[in-house]
Amino acid sequence: MLVSNKTVAFLAAAGCALALQAGSAGAETLTTGVDPTFAPMAMQNLQGGLEGFNVDLGHALAKEMGITIKIEPSQFSAIIPALNAGKYDFVLAPTTATEQRAKTLLFSEGYFNTDYTFVQKKSAQPITDLAQLKGKTVTVNSGSAYEAWAKENEQRYGFKYQVFSTTADAIQAVLSGLADAALIDNISGPWAAKKNAMLQTSYTIRSGKVFALVFRKDDVKGRDRLSNALKCLKKKGVVAGLVKKWLGTEPESDAAAVVVEPGQGVQGLPGYDPTPAQYNCQP
């Protein structure tokens, strides 16, 4: 079931948006969206604006391309529909590149490896094996890869799952005793546990998947253009620097934040173009 909540309503009502300007007056503007409850990838700061890994990534892309990128706050479940409706030019929000999504969307190459992590109350027995999910209730964010995993594995492991509008709401359900665990990413899970002494992370599912920028299926030109800028940021160490800044870790040499793919897109998924990319980076 989908549980409605007003967690981000105040942001939408206030029309909170961040314009990342790097070009001259009259420079091209691209519009995108992020889920401001997905800390530390995107969140509201004390000044009422947006900050986080992906906000910094948007700023770096704008600078590399010499354009303006306007970032709007949105519930994650509304972002891809907004892209397809033409409201957004691309999706900056962390989005897992999957086979299903790649059938109707285009991806840049990955910029961050993403795994699935369970978040539980500190007082609960930590989940150390998926077999321990039997009889439990798990919460997930609407429209996420974690919802897809829960749907695919609900019967196999004997658990029930509930779908919430935001990651914050999925975690709050655990704190409120409405669920046993929230299944989220390996970023916001540890972040939430760090910020709240009542939480802990437990079992991690290795997904082999990555976060990537998202584009409409017919926007090959837009995908290649931003993906080339992303390649430049990787070559300069900018993306690896963001991992260290926001997560406190150095990415491995084979991490998506470091490796520059030869083609465009995520290898092994529909829409990948193996043709060696041609691009020039800003000095």
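Anyway, here's the lowdown on the structure attached to this text. Computed from a prediction, not measured in an experiment: that's the story for all the values here.

Looking now at the overall build of the chain. What the chain contains, in helices and strands, is nine helices and 12 strands. A compact globule built from 283 residues should have a C-alpha radius of gyration of about 19 Å, and the chain, at 18 Å, falls within 12% of that. By its C-alpha atoms, the chain is 55 × 40 × 35 Å across when sized along the principal axes. Across the chain, every contact between residues at least 6 apart in sequence was considered, and the portion connecting residues at least 24 apart equals 74%.

Attention now goes to the pattern of salt bridges. Here the structure, examined in full by the defined rule, presents 10 salt bridges. Note that Arg223 is salt-bridged to Asp224, the shortest N-O span being 2.6 Å.

Here three strands make up an open sheet; going across it, the order is β4-β5-β6 and the pairing antiparallel. Only two strands of the sheet have a single neighbouring strand rather than two, namely β4 (37–38) and β6 (50–51). By the bridge criterion, two bridges tie β4 to strand β5 (residues 42–44) in an arrangement that is antiparallel. Within β5, the position partnered with Phe38 by the bridge is Ala42.

Attention shifts here to the state of the cysteines. Under the counting rule described, the total for this entry stands at one disulfide. The partner cysteine of Cys232 in its disulfide is Cys281, sulfur to sulfur 2.1 Å. Where Cys232 bonds to Cys281 through sulfur, the torsion about that S-S bond is close to -90°, and the disulfide is left-handed. Highlighted residues: Cys232 in helix α8 (residues 220–235) and Cys281 in the segment after α9 (238–247), separated in sequence by 49 residues. Residue classification places Cys232 among the buried positions, given a relative accessible area of 1%.

Next up on the list: the pairing of strand β10 (residues 160–164). Along β10, four of the five residues are buried, which leaves the element largely enclosed by surrounding structure. Where strand β9 (residues 137–141) meets β10, five bridges bridge the pair, whose relative direction is parallel. Directly across from Asn141, in β10, lies its bridge partner Phe164. In this view, the connection linking β9 to its parallel neighbour β10 by way of helix α5 (residues 145–157) has right-handed handedness.

Okay, the pairing of β9 next. Along a regular strand, successive side chains alternate from one face of the sheet to the other. Across the five residues that make up β9, a large majority, five, are buried. Residues Thr137, Thr139 and Asn141 point to one face of β9 and Val138 and Val140 to the other, with burial holding for every one of them.

We now examine the side chain of Thr166. The residue Thr166 is located in the loop between β10 and α6 (167–175) in this model. Within polar-contact distance, the side chain of Thr166 engages the side chain of Asp169 at 3.0 Å.

Assignment of secondary structure puts Asp224 in helix α8. In sequence terms Asp224 and Gly265 are 41 residues apart; their C-alpha atoms lie 8.3 Å from each other.

Quick look at the side chain of Thr37 now. Positionally, Thr37 belongs in strand β4. On the basis of relative accessibility, which here comes to 18%, the residue Thr37 falls in the buried class. A distance of 2.8 Å separates the side chain of Thr37 from the side chain of Asp35, its partner in a polar contact.

A word on the nonpolar core. Among the nonpolar cores identified, the biggest contains 72 residues, and Phe118 and Trp149 are the most heavily contacted of them. Discounting chain neighbours no more than four positions away, the residues touching Trp149 are Tyr116, Phe118, Leu130, Leu133, Tyr157, Phe159, Leu183 and Ile205. Judged by nonpolar contacts, the second largest core, of nine residues, contains Val119, Ile171, Ile184 and Leu199.

What follows concerns the packing of helix α2 (residues 53–65) against α8. How two helices pack is summed up by the angle between their axes together with the distance between the axes. Contact geometry of α2 with α8 gives a least axis separation of 9 Å together with a crossing angle of 100°. Overall, the two elements α2 and α8 adopt an arrangement that is roughly perpendicular. Where α2 abuts α8, its residues Leu57, Ala60, Leu61, Glu64 and Met65 lie against Arg225, Leu226, Ala229, Leu230, Cys232 and Leu233. Split by residue class, the contact of α2 with α8 holds nine nonpolar, no polar and two charged.

What follows covers unusual backbone geometry. Residues apart from glycine generally show negative phi values, whereas peptide bonds are mostly found in trans. Here the bond from Ala39 into Pro40 is cis, since omega is 0°, no more than 30 degrees from zero. Among the secondary structure elements, Pro40 is positioned in the loop between β4 and β5.

The next thing to look at is the environment of Thr32. Checked against the element boundaries, Thr32 lands in strand β3 (residues 29–34). The exposure class of Thr32 is buried, given its relative accessible area of 0%. For the pair Thr32 and Ala82, spaced 50 residues apart in sequence, the C-alpha separation works out to 9.1 Å. Apart from residues lying up to four places away in sequence, Thr32 is in contact with Ile69, Lys70, Ile71, Glu72, Tyr88, Phe90, Val91 and Leu92. Reaching out from Thr32, the side chain makes a polar contact with the backbone oxygen of Phe90 at a distance of 2.6 Å.

Conventions and cut-offs
Residues numbered from 1 in each chain as written. Predicted model: local features only at pLDDT ≥ 70, side-chain atom pairs only at ≥ 80, totals over all residues. Heavy atoms only, no water. Helix = DSSP H or I, 4+ residues; strand = E, 2+ residues; numbered from the N terminus. Rg over C-alpha atoms; globule rule 2.2 N^0.38 Å. Contact = heavy atoms within 4.5 Å. Salt bridge = Lys/Arg side-chain N within 4 Å of Asp/Glu carboxyl O. Pairing = 2+ DSSP bridges. Disulfide = S-S within 2.5 Å. Buried < 20%, exposed > 50% of the residue type's maximum accessible area, 1.4 Å probe, protein only. Right-handed = clockwise from strand over helix to strand, strands pointing away. Polar contact = N/O pair within 3.5 Å; in protein donor to acceptor, adjacent residues only side chain to side chain. Core = buried A, V, L, I, M, F, W, Y, C linked by side-chain atoms within 4.5 Å. Axes fitted to C-alpha atoms, helices over the stretch in contact; angles between N-to-C directions. Parallel < 35°, antiparallel > 145°, perpendicular 65-115°, else oblique. Nonpolar A, V, L, I, M, F, W, Y, C, P; charged D, E, K, R; others polar.

Purely spatial values, then, with no claim about function.
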